[in-house]
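Results of the structural survey
Spelled out from the first residue to the last, the chains are:
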Amino acid sequence: MIKFFNRTAASRAPIPREIGVLLVAAFIIALGFGLIAPILPQYAVSFDVGAAAASVIVSIFAFTRLIFAPVAGALVGKLGEPRIYVTGVLLVAVSTLLCGIVQDYTQLLIARGLGGFGSTMFTISAMALIARLSPEESRGRISGLYAGAFLLGNVAGPVLGSFLAPLGMRLPFFIYGTALVIAAAVVYFALGRRRDLDRDAEDSATTRQAIEVVTTREALSSPAYRAALFSGFSYGWLAFGIRNSMIPLFALSVFGQGLGTTIAGLSMALFAIGNGCALLFSGKLTDKVGRKMPVMIGLALLLLSIGSMGIFTSGAGFVICSIFAGFGGGILGPAQQASVSDVIGTGRNGGKALAGFQMCQDFGAIIGPLLAGFLADTLNYEIAFGISALVALVGLIGWSLVPRTIRPVALDEESPTPKNPR
């Protein structure tokens, strides 16, 4: 007999006050990121550099996130989540304010790199805080609310940015930086009273010793995990790298300075809307039919929409492709994340396996803008988008080799041990 989660009890469980503060902070962070993302590549171009150099500004953020993730994790374990969270947000605030006053491309590159380090600090801290503070019966709901806060901010940010576009490209950096300082102060005072978190950190090493650890070798023995690494690379390349770098630059090239900035912001907002529409049902879909089919559908939609984007010179076609790209990403994301969770299983420490998966996404987000920017500079945007779309084939081929669909893990009533399908 299968025992299912009591959703009614979970929906009634109160959300801890500290997590409510994290949700507000997540919205502010995502709102500001969405505010500056459409103008960042164009801002870089204003310093007399080409598309490839402008794309580096996007890639450096992901690159510093990638290389400093182990450092941030060690700091969280040593100093506690609240301190590292607030420090990370303040670093991003300083980085953003510096971006607003830089005078050349090199200064902008350094400022954005500093922001990547701060980003990985507060990201790891936030995930650790949510895991620690969430009631066991409502962790899924709280995780969904946290993702929703980021999505809502990503939708609102580009729209707000398009209205601020006539006021210049430096103003959004000052607005975002100031908002981050306020968010850091709110989180500091809300979490500063939780001294028990820091005291409990001393016992965390002893606790982890009692938890079974999933090694990277064990995870790699699963076809689903190997396929998720490939699709994660494709997802990072297309949904993060290309969306945040090449789409704004392409809009600027085709539609001009004023209209291009507006269309770029609208495109990114519609990408997020399409993503949100898919998230309304994609989680249930992957639980019902398994992981393989939603992943492949999402990758196929990304391939077709990104590949078609480079051939449109009308605003309508451009934004339609953006909606379908976001929709594909919304179907793909939960399914590939669930496939990694299936491999890890409930009650086991899968930090190394999850880190490998995240690094593949970040690596795709780094390489994608660099290669696409080079192709745009040397050839044209149509080829840059077309080659990038073909990267989705990497994920499709990887998942085509998965022998069968990986379904969700069910708990047997007599035993709390998850039955992990192989």
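Going by the annotation in an unreviewed UniProt entry, the name recorded for the protein chain is MFS transporter, with Glutamicibacter halophytocola given as the source organism. Looking at the Subcellular location (unreviewed entry) heading of the UniProt record, one finds this comment for the protein chain: "Cell membrane".

Let's shift gears to the packing of aromatic side chains. The relative placement of two aromatic rings is captured by the distance of their centres and the angle of their planes. Enumeration according to the criterion identifies 7 aromatic pairs in this entry. Taken together, a centroid distance of 5.3 Å and an interplanar angle of 80 degrees make the contact between Tyr 188 and Phe 189 edge-to-face. On the basis of relative accessible area, Phe 189 is assigned to the exposed category, the value being 57%. Aromatic ring contacts, followed pair by pair, group Tyr 43, Phe 47 and Phe 173 into a single cluster.

Turning our attention to the nonpolar core. Within the largest apolar cluster, 85 residues are counted, with the highest numbers of intra-cluster contacts made by Tyr 85, Met 246 and Phe 385. Among residues more than four places away in sequence, those in contact with Met 246 are Ser 55, Gly 241, Ala 372, Gly 373, Ala 376, Tyr 381, Ala 384 and Phe 385. Counting residues in each nonpolar core, the second largest holds 5 residues, with Ala 72, Val 76, Phe 117 and Met 121 among its members.

Mapped onto the elements of the fold, Pro 41 is located in helix H3 (residues 40–45). The exposure class assigned to Pro 41 is buried, which follows from its relative accessible area of 0%. C-alpha of Pro 41 to C-alpha of Val 56: the two residues are 15 residues apart in sequence and 8.9 Å apart in space.

With that settled, the discussion passes to the packing of helix H16 (residues 381–390) against helix H17 (residues 392–400). Packed helix pairs are specified by the crossing angle of their axes together with the interaxial distance, meaning the distance between the axes. With their axes 4 Å apart at the nearest point, H16 and H17 run at an angle of 15 degrees to one another. By the angle between their directions, the pair H16 and H17 is classed as roughly parallel. From H16, Ser 388, Ala 389 and Leu 390 reach across to H17, where they touch Ala 392, Leu 393 and Val 394.

What counts as what
- Residues numbered from 1 in each chain as written.
- Predicted model: local features only at pLDDT ≥ 70, side-chain atom pairs only at ≥ 80, totals over all residues.
- Heavy atoms only, no water.
- UniProt positions renumbered as here; feature names shortened; annotations may be inferred.
- Phe/Tyr/Trp six-rings, centres within 6.5 Å; stacked < 30°, edge-to-face > 60°.
- Buried < 20%, exposed > 50% of the residue type's maximum accessible area, 1.4 Å probe, protein only.
- Core = buried A, V, L, I, M, F, W, Y, C linked by side-chain atoms within 4.5 Å.
- Contact = heavy atoms within 4.5 Å.
- Helix = DSSP H or I, 4+ residues; strand = E, 2+ residues; numbered from the N terminus.
- Axes fitted to C-alpha atoms, helices over the stretch in contact; angles between N-to-C directions.
- Parallel < 35°, antiparallel > 145°, perpendicular 65-115°, else oblique.

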